[in-house]
Structures are given as structure tokens and as C-alpha cells.
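Breakdown of the fold
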Amino acid sequence: STDCYKQYDIAYEQSSGHVLIAYTIEGSAGVGWAKNEAEPKTSAGWSDTDQEAGMLDNADFLDLGAEPGTDYIAMAYMDDIAGDMQVAIWSGSAWTAKNDNIDTSTVTVADSEPIGCGWAGTGTNRRAVIVYNNASATTLSYFTWKKDTASWEQLDNAPATYSPPF
């Protein structure tokens, strides 16, 4: 099978309408990012690109998920060679809740999309949800980031009735 790589993603801050792009840095480990705050969006509106400190692994597969109605964006990416995963939250102005190597149990980039970011819940129960293919398990695994406590929590084995084809 052929590995599926997605080395960049783009998301909109839902409240401000600003555009955020995150991408792998070719030839070196790490994630870069840039933001466009121009109205209307123009090529001159992009911020300087920057490598995010503390996020140093390769981004062989990267996904962003915007929280509805806010400027928060969840990011997760996998390093296929090291077999680990990194996560972070964009607050609208900076990357926060960074966790390098949050899962090191042989996470792998498969021949289909191995990771997804989204949001669930309402009010103070709002959570970022990261669902991923953990190669050491036969079911999906996931992390949630609790917005009210700003903490990550791992929840293994997504619904037992679902058996992914990997």
C-alpha cells in the first residue's frame, strides 16, 4: 500500500475570519505556520512564516479543525518515521496546549487519512477531539482537549462496534 501524506492544512478563525495555514518544514523537522488578517484576503496580508517552538517532529500528516463561532483551532500531526503524534491549540493569537509526543505507541500514516480534528459539546463542555489510527490497536484512539480546564485527556478504543479496515 502507499502511505497517505498531507503535509499542510488551512482553517478559518470562525469569529475573526482570519485564515491560518500550518505546514511541514521541508528538509527539517517541525511545523511552520502563517496567518492572513487582511480584508479582503490578499497575498500581502500574510504574516511572516514561523517555525513553532516546541513542535519539532516531522509533520507527515497534519490536520486542523476550527471551533465553530470562535478563533480556536485544534491541530494534530503525525511523524511517520518516529511513530508519534503531536497536538496543539491555536487561541486566535498563539499556539497553546502544545504536547509534543502525546502518543508514542507506534502511530502510523496509513494508506488512508489517519487523523482527524474537530470540536464537540457546547458552552463550558466544549472539547477539541483528535481521532487517530493507533497502529498498536485495532480500533480508533482519540484525545480530547477540555477547553474549561485546558487539559488533554486520552480516551482509547473508540466505539467497540466500529472496526476500521486497517
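Our structure's up above, just so we're on the same page.
Here's what I pulled together on the structure shown here. Treat the numbers as computed from the prediction; the structure is a model and nothing was measured. (Residues numbered from 1 in each chain as written. Predicted model: local features only at pLDDT ≥ 70, side-chain atom pairs only at ≥ 80, totals over all residues. Heavy atoms only, no water.)

Section: the overall build of the protein chain
To keep things clear, this is the line we draw: Strands here are runs of E lasting at least two residues and helices are runs of H or I lasting at least four, both read from the DSSP assignment and numbered beginning at the N terminus. Relative accessibility under 20% of the residue-type maximum defines a buried residue, over 50% an exposed one, and the middle range a partly exposed one, all with a 1.4 Å probe and only protein chains included. Residue contacts are counted whenever heavy atoms from the two residues lie within 4.5 Å of one another.
Scanning the protein chain from N- to C-terminus turns up zero helices and twelve strands. Element order for the protein chain, N to C, with α for helix and β for strand: β-β-β-β-β-β-β-β-β-β-β-β. Looking at the 166 residues of the protein chain, the share that counts as buried comes to 43%. Sequence-distant contacts, at least 24 apart, represent 44% of the contacts inside the protein chain between residues at least 6 apart.

Some details on the sheet that holds strand E9 (residues 115-120)
Formally: Strand pairing is assigned whenever DSSP identifies at least 2 bridges connecting the two strands. Here an angle of 0 to 180 degrees is reported between the N-to-C directions of two axes, which are lines fitted to C-alpha atoms, with helices fitted over the stretch in contact.
Read across the open sheet, the four strands follow the order E9-E10-E11-E12; overall the sheet is antiparallel. Edge strands, defined here as strands with exactly one partner in the open sheet, are E9 and strand E12 (151-155). Pairs of neighbouring strands in the sheet enclose a mean axial angle of 20°, with direction left out of account.

Details of the sheet that holds strand E3 (residues 31-36)
To summarise the sheet geometry, strands pair through backbone hydrogen bonds and adopt either a parallel or an antiparallel arrangement. In spatial order, the strands read E1-E2-E3-E4; together these four strands make up an open sheet with antiparallel pairing. Both edges of this open sheet fall to strand E1 (8-12) and strand E4 (50-51), since each of them pairs with a single strand only.

Focus: unusual backbone geometry
One non-glycine residue with positive phi stands out, namely Ala97, at about 50°. Counting through the fold element by element, Ala97 comes out in strand E8 (residues 95-103). With relative accessibility at 23%, the residue Ala97 sits in the partly exposed group. The residue Ala150 is not glycine, and still its phi comes out positive at about 50°. Take Ala150: it is sitting in the loop between strand E11 (140-146) and E12. Given a relative accessible area of 48%, Ala150 falls into the partly exposed group.

Here we look at the pairing of strand E6 (residues 73-79)
Among the seven residues that make up E6, seven are buried, leaving the element largely enclosed by the rest of the structure. Across six bridges, the pairing between strand E5 (residues 61-66) and E6 is antiparallel. Residue pairing in the sheet places Gly65 in a bridge with Ala74 of E6. Counted between consecutive antiparallel strands, the loop separating E5 from E6 contains six residues, among which Gly69 sits at a positive phi close to 80°. Sheet analysis places E6 next to strand E7 (residues 84-90), joined by seven bridges and oriented antiparallel. Directly across from Met75, in E7, lies its bridge partner Ala88. Joining the antiparallel neighbours E6 and E7 is a turn of four residues, in which Gly83 adopts a positive phi near 75°.

Quick look at the pattern of salt bridges
Formally: Basic side-chain nitrogens of Lys or Arg form a salt bridge, by our definition, when they fall within 4 Å of a carboxyl oxygen of Asp or Glu.
Following the criterion strictly, the structure yields seven salt bridges and no others. For the salt bridge of Glu13 with Lys35, the shortest nitrogen-to-oxygen distance reads 3.1 Å. Here Glu13 is found in the loop between E1 and strand E2 (19-24), whereas its partner Lys35 is found in strand E3, with 22 residues between them in sequence. For Lys35, a relative accessible area of 7% puts it in the buried group. Members of the salt-bridge network, linked through shared partners, are Lys6, Asp9 and Asp63.

Here's the deal with the environment of Ala34
Inspection of the secondary structure assignment puts Ala34 in strand E3. Taking the C-alpha atoms as reference points, Ala34 and Leu20, separated by 14 residues in sequence, lie 6.0 Å from one another. Sequence-distant contacts of Ala34, that is, excluding residues within four places in its chain, are made with Val19, Leu20, Ile21, Tyr23, Trp46, Ser47 and Thr49.

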